[in-house]
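# Chain and residue survey
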Amino acid sequence: MAADESPSARGAAPSRATAAISRAFTPGRLAGALPAGPGLPAGAALRSRPATGARRPAASRGGGHGPAPAPRPPRGAGVRRMYEQARRAWDRPLTAYYLILGSSLLITVLGLVMVYSASMIKALELAKPGTYFFRKQFLAAVIGAALMLLASRMPVKLHRALAYPLLMGTVFLMVLVQVPGIGMSVNGNQNWIYLGGPFQLQPSEFGKLALILWGADLLARKQHKRLLTQWKHMLVPLVPVTFMLLGLIMLGGDMGTAIILTAILFGLLWLVGAPTRLFAGVLSVAGLLAFLLIKTSPNRMSRLSCMGVSEPGPDGSCWQAVHGIYALASGGWFGSGLGASVEKWGQLPEPHTDFIFAITGEELGLAGTLSVLALFAALGYAGIRVAGRTEDPFVRYAAGGVTTWITAQAVINIGAVLGLLPIAGVPLPLFSYGGSALLPTMFAVGLMIAFARDDPAAKAALAMRRPGVRWKTMRRRVTKRPSGER
């Protein structure tokens, strides 16, 4: 301290420092860095806390000064997002196209596997090789794949042009079935034509496809002429021609195929917008005829009485129905394994044709049967979508008729195996053994693929997937710049 410094001066310096600190920490002023005066240690203003003023927000417990955590999404947001993604996927233009193609091919391939597994013992019983039925079914599948490809590439006009020739050819073959020496009987039904060797043909299976194409073309032409507002144009000549086909089929005793043709007729009438009283009238007539046909046949009455039974009966009349239930019940969740069925060893009649679904349940379990049901459901949904989104009446009626045919036949076959419906003797479409049933069904699937491709939005989507168009639309146009080299 200097010698000339007075006591008053020594006390003035702390007073000035105290006044500066008070001014710095008054409300509304920032506590900035103050110059350290005499008697004030450096950084005292920073260590001091103001008495009043706004406080800074407390730091996070983690000790960091990062951004605040994002708010949690509401419950169920993930499910809603998945639902929206699935809905957008279902609404894409090519959804029906891929569903029809994928589900039909998967059903056919799985059917080939199950035909091989279910028919081995039956072939050995007939002193044939174990692959006898499989080879025939595989050959039919190859021919059917060619027909499906051909039908999928044919234009709609050519499909309409095939309607009348296919109908007349089918009627001619169905008449030949009843000619002695040409037609042959299988399991009591006179509805087969012998082609030579191990090959036979069932013309009534082609009658389903012929009725759909001819009926769709007929109704489309009448709608174009605005004639469908009159009930007589709805029924004539559609109903008389259908009854003619039904009569030829019933001459051979094949009531299962007759039921499928009746379902196709009802499907066409429903698609064309038939009034309820007209629809109910046709249904009443068909129901009365079916009742008379069942009542007058002991075989059909026994099949009707086997619905829901759990015992074969003293005479064994319900043997097939009961052992079909046994096969399903012994499969469990995942089955006994492919090829490990017990019922196919002579216990279950027709294990590779009408009751192949029972063998599927025994070897692949509930998981396998539900997979088959899901594939048929996808195929049916895709057919309904094609029929509902088109503006062409022929496409609507034909796609609706094919969808009715496949779904109704699948329901009747599976319902009979489950004991919920009487055994009608119809195969499971694209799945059971039988080339005569597989060929027209695969052609019908190709028909629906052609209709799905013919949709304008699907055409545009398929055009974008072509290699040339895809390259032109996705490559960048880069302007050339000078390199700067001299």
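Heads up: these notes are all about the structure in this document. Nothing here was measured: the structure is a model prediction, and the numbers come from that model. Positions within a chain are numbered from 1, following the residues in the order the chain's sequence is written. For this predicted model, a pLDDT threshold of at least 70 governs which residues receive local features, and a threshold of 80 or more governs which side-chain atom pairs are given and counted, while totals over whole chains, interfaces and linings are taken from all residues. Each side-chain value is worked out from all heavy atoms of the structure, with water and hydrogens disregarded.

### Remarks on the overall build of the protein chain
For clarity, the threshold we go by: Only DSSP runs of H or I with at least four residues qualify as helices, and only runs of E with at least two residues qualify as strands; both kinds are numbered from the N terminus onward. Each residue is placed in one exposure class: buried if its accessible area under a 1.4 Å probe, protein chains only, is under 20% of its type's maximum, exposed if it is over 50%, and partly exposed if it falls in between. Here, two residues are considered to be in contact whenever any of their heavy atoms come within 4.5 Å of each other. To measure how exposed things are, a 1.4 Å probe is used in the Shrake-Rupley method; for residues, cover is taken only from the protein chains shown.
Scanning the protein chain for helices and strands turns up 19 helices and 3 strands. Of all 486 residues assigned to the protein chain, the portion counted as buried reaches 41%. Sequence-distant contacts, at least 24 apart, represent 68% of the contacts inside the protein chain between residues at least 6 apart. Of the roughly 27,700 Å² that the protein chain leaves accessible, carbon and sulfur atoms contribute 64%.

### A few points about the pattern of salt bridges
Quick reminder of the rule: The salt bridge criterion pairs a side-chain nitrogen of Lys or Arg with a carboxyl oxygen of Asp or Glu, the two atoms within 4 Å.
Taken as a whole, this structure holds 5 salt bridges when the rule is applied. Among the salt bridges present, the one from arginine 221 reaches aspartate 217, with a minimum N-O distance of 3.1 Å. Remark: aspartate 217 and arginine 221 occur in helix α8 (residues 203-224); sequence separation between them is 4 residues, near one turn of the helix. Note that aspartate 454 is salt-bridged to lysine 459, the shortest N-O span being 3.5 Å. Residue classification places aspartate 454 among the partly exposed residues on the basis of a relative accessible area of 34%. We classify lysine 459 as partly exposed; its relative accessible area is 45%. Beyond isolated ion pairs, a larger network of salt bridges with shared partners links Arg160, Asp217 and Arg221.

### Thoughts on the nonpolar core
Defined as follows: Here, the term nonpolar core denotes a set of buried Ala, Val, Leu, Ile, Met, Phe, Trp, Tyr and Cys residues that are joined through side-chain atoms within 4.5 Å.
In this structure, Ile100, Trp214, Leu238, Val386, Phe394 and Phe451 are the most contacted members of the largest nonpolar core, which totals 108 residues. Here this core takes 13 residues from helix α16 (residues 393-417), the largest share from any one element. Setting aside chain neighbours within four positions, we find phenylalanine 451 in contact with Val156, Val386, Phe394, Val395, Ala398 and Ala399.

### Comments concerning the packing of helix α11 (residues 255-271) against α16
Each packed pair of helices is defined by two parameters, the angle between the axes and the distance between the axes. For clarity, the threshold we go by: Axes, fitted as lines to C-alpha atoms, cover a helix only where it is in contact. Angles between the N-to-C directions of the axes lie from 0 to 180 degrees. Angular relationships are summarised with four words: roughly parallel below 35 degrees, roughly antiparallel beyond 145, roughly perpendicular across 65 to 115, and oblique for the angles in between. Should the near helix be turned anticlockwise from the far one by less than a right angle, the crossing is termed left-handed; should it be turned clockwise, right-handed. We call Asp, Glu, Lys and Arg charged. Ala, Val, Leu, Ile, Met, Phe, Trp, Tyr, Cys and Pro are nonpolar, and the rest, Gly among them, are polar.
The contact between α11 and α16 brings their axes to 9 Å, and the two run at 140 degrees. Viewed along their axes, α11 and α16 adopt a mutual orientation that is oblique. In the packing of α11 onto α16, the handedness of the crossing is right-handed. Across from Ile259, Ile260, Ala263, Ile264, Gly267, Leu268 and Leu271 in α11, the residues of α16 making contact are Arg396, Tyr397, Gly400, Gly401, Thr404, Trp405, Ala408, Gln409 and Ile412. Split into classes, the residues belonging to the contact of α11 with α16 amount to 10 nonpolar, 5 polar and 1 charged.

### Notes on helix α7 (residues 163-177)
Note the cut-off: Multiplying 1.5 Å by the residue count of a helix minus one yields the expected span of that helix. Read the arc as the range of directions from the helix axis to the C-beta atoms.
Here α7 spans 21 Å end to end across 15 residues, near enough to the 21 Å set by a 1.5 Å rise per residue. For α7, the set of buried residues is Ala163, Leu167, Thr170, Val171, Met174 and Val177. Seen end-on, α7 carries its buried residues on one side only, within an arc spanning 110 degrees. More than 90 degrees from the buried face of α7, the exposed residues found are Met168 and Phe172.

### Some words on the pairing of strand β1 (residues 183-186)
Filter applied, for reference: What makes two strands pair is DSSP finding at least two bridges between them.
Examined bridge by bridge, β1 and strand β2 (residues 189-196) share 4 bridges and lie antiparallel to one another. Residue pairing across strands places serine 185 opposite glutamine 190, the latter belonging to β2. Linkage of β1 to β2, two consecutive antiparallel strands, is achieved through a turn of 2 residues, within which asparagine 187 is found at a positive phi near 55 degrees.

### Considering the sheet that holds strand β3 (residues 199-201)
Overall, antiparallel pairing links the 3 strands, which are arranged β1-β2-β3 in an open sheet. A single partner strand is all that each edge strand has here, and the edge strands are β1 and β3. Ignoring which end each strand starts from, the neighbouring axes of this sheet average 55 degrees apart. By the bridge criterion, 3 bridges tie β2 to β3 in an arrangement that is antiparallel. Within β3, the residue paired with glycine 196 across the bridge is phenylalanine 199.

### A word on the side chain of aspartate 217
Residue classification places aspartate 217 among the buried positions, given a relative accessible area of 6%. Aside from chain neighbours lying at most four places away, what touches aspartate 217 is Arg160, Ala163, Tyr164 and Phe394.

### Focus on unusual backbone geometry
In this chain, valine 236 is followed by proline 237 through a cis amide linkage whose omega measures 0 degrees. Along the polypeptide, proline 237 turns up in the loop between α9 (231-235) and α10 (238-251). Unlike most non-glycine residues, arginine 226 shows phi in positive territory, near 60 degrees. Among the secondary structure elements, arginine 226 is positioned in the loop between α8 and α9. The phi dihedral of glutamate 350 falls on the positive side, at around 50 degrees, and the residue is not glycine. Mapped onto the fold, glutamate 350 is located in the loop between α14 (319-329) and α15 (356-389).

### Thoughts on the packing of aromatic side chains
Aromatic ring pairs are defined here through the distance separating the ring centres and the angle between the ring planes. We apply this condition: Geometry of aromatic contacts follows a simple scheme: Phe, Tyr and Trp rings, the Trp one being its six-membered ring, pair when their centres are within 6.5 Å, and the pair is stacked under 30 degrees between planes, edge-to-face over 60, tilted otherwise. Whether a charge sits over a ring depends on NZ of Lys or CZ of Arg being within 6 Å of the ring centre and within 35 degrees of the ring normal.
This model, assessed by the stated rule, comprises 7 aromatic pairs. Between tyrosine 164 and tryptophan 214 the ring centres are 6.4 Å apart and the planes differ by 85 degrees, which places this aromatic pair in the edge-to-face class. One end of the pair, tyrosine 164, is in helix α7; the other, tryptophan 214, is in helix α8, with 50 residues separating them in the sequence. Residue class for tryptophan 214 comes out buried when judged on its relative accessible area of 4%. A connected cluster of aromatic rings, assembled from ring pairs, spans Tyr116, Phe134 and Phe138. Over the face of the ring belonging to tyrosine 132 we find lysine 128, whose NZ or CZ atom lies 5.2 Å from the ring centre.

Don't take any of this as a statement about function, it's just geometry.
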